[in-house]
Amino acid sequence: AWAHTARFFTTAAQLHQLPTSELPEVAFVGRSNAGKSTAVNTLAQQRQLAFASKTPGRTQHINLFQVGPKTAPDQVWADLPGYGYAAVDRTAKLRWQEVMAQYLELRRNLTAVVQMVDSRHGFTELDRQLLDFVAPRVRTGEVRLLVLLTKADKLNRKEQAESLRGAQAVLGEIATEESDVGLALFSSLARIGLDDAALALRSWAAP
Ligand code: GDP
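Thresholds, definitions, all that
- Along each chain, residue indices are assigned from 1 in the same order as the chain's sequence is written.
- Since the coordinates come from a predicted model, pLDDT governs what is reported: local features require at least 70, and pairs of side-chain atoms require 80 or more to be given and counted, while whole-chain, interface and lining totals use all residues.
- UniProt positions are given in the numbering used here, feature names are shortened, and annotations may be inferred rather than shown by experiment.
- Pairs of strands are assigned from DSSP output, requiring at least two bridges between the strands.
- Numbered from the N terminus, helices here are DSSP runs of H or I no shorter than four residues, and strands are runs of E no shorter than two.
- Helix axes are fitted only over the stretch in contact, all axes being lines through C-alpha atoms; the angle between N-to-C directions runs from 0 to 180 degrees.
- Neighbour counting defines burial: a residue surrounded by 20 or more other C-beta atoms within 10 Å of its own C-beta is buried, one with 12 or fewer is exposed, and intermediate counts give partly exposed, using backbone-placed C-beta atoms.
- We call a crossover right-handed when, viewed with the strands running away from us, the connection from the first strand over the helix to the second turns clockwise.
- The nonpolar core criterion groups buried Ala, Val, Leu, Ile, Met, Phe, Trp, Tyr and Cys residues into a set whenever they are joined through C-beta atoms within 7 Å.

As recorded by an unreviewed UniProt entry, the protein carries the name Probable GTP-binding protein EngB and is attributed to Aquabacterium olei. One UniProt comment on the protein, placed under Sequence similarities (unreviewed entry), says "Belongs to the TRAFAC class TrmE-Era-EngA-EngB-Septin-like GTPase superfamily. EngB GTPase family."

The next thing to look at is the sheet that holds strand β1 (residues 6-12). The strand order across the open sheet formed by 7 strands is β1-β3-β4-β2-β5-β6-β7, and the pairing between neighbours is mixed. Strands with a single pairing partner mark the edges of an open sheet, and in this sheet they are β1 and β7 (181-185). When the angles between neighbouring strand axes are averaged without regard to direction, this sheet yields 20 degrees.

This part takes up the pairing of strand β6 (residues 144-150). Looking down a regular strand, the side chains alternate between one sheet face and the other. Counting buried residues in β6 gives 7 out of 7 residues, a clear majority hidden from the surface. Every second residue of β6 is oriented toward a common face, with R144, L146, L148 and T150 on one face and L145, V147 and L149 on the other, all of them buried. Two strands pair when backbone bridges link them, and strand β5 (residues 110-118) and β6 are joined in this way by 7 bridges, in the parallel orientation. Across the sheet, residue M116 finds its bridge partner in β6, namely L148. In this view, the connection linking β5 to its parallel neighbour β6 by way of helix α3 (residues 125-139) has right-handed handedness. Pairing geometry for β6 and β7, over 5 bridges, is parallel. In the sheet register, L146 faces β7, and the bridge partner there is G182. One crossover worth recording links β6 to the parallel β7 by way of helix α4 (residues 157-171), and it is right-handed.

Moving on, we come to the nonpolar core. Among the nonpolar cores identified, the biggest contains 49 residues, and F28, W77, A78 and L148 are the most heavily contacted of them. Looking at this core element by element, the count peaks at 6 residues for β5.

Its identity is not glycine, yet N33 carries a phi of approximately 80 degrees, on the positive side. Looking at where N33 falls in the secondary structure, it is placed in the loop between β2 (25-30) and α1 (36-44). For N33, a count of 14 C-beta atoms within 10 Å gives the class partly exposed. With phi around 55 degrees, K151 is a residue other than glycine that occupies positive phi space. By the element assignment, K151 lies in the loop between β6 and α4.

Listed below in structure tokens is the structure:
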């Protein structure tokens, strides 16, 4: 019912290298290993789509995918670089901050951010940092936010409830009267929260 057809569009290392677009753009962000690629692929119902973002030379890039009918795409998905690899050096960290901050603060057609947070770990320092970049635009309602607590299949009911509560506390600092902030347990593997996430994505497409 919720099939998104998506195909690789383009890749760029920095905001100014991205083509401008009038199409609503949804950015997928998350720590490395949070399950972002798997989630994007599952939502697109395509096995290899977001793994295009994992090919050498593209892992630190912003990778764009066109979504919707091939002749009339109605949305763009932006797969942003995964963050938080312990091995990454200081220079790379600073570069990451700059690329992410610029994209999240300035990308004109950015409509929504889907942040993948590992349900077992909750928001880390870097997750919060990333949230800070986009928070001003979320507070005004200009950009929607959907936080998916990934790999929820690894938690029991009690742990799932705790994970939700922890994330809720963080998001409470961002929510306003105008904001559109969503939070859900998610599992690509057990297909938890998939339909709702897909519906949200659909609702953000161009009419
Ligand atoms: P990314 O680095 O955020 O793109 O993460 P990946 O999508 O590559 O996933 C990282 C690891 O988590 C892989 O070993 C996946 O098989 C695993 N994984 C992804 N999604 C799920 C899930 O829903 N449940 C479980 N149990 N494992 C998952």
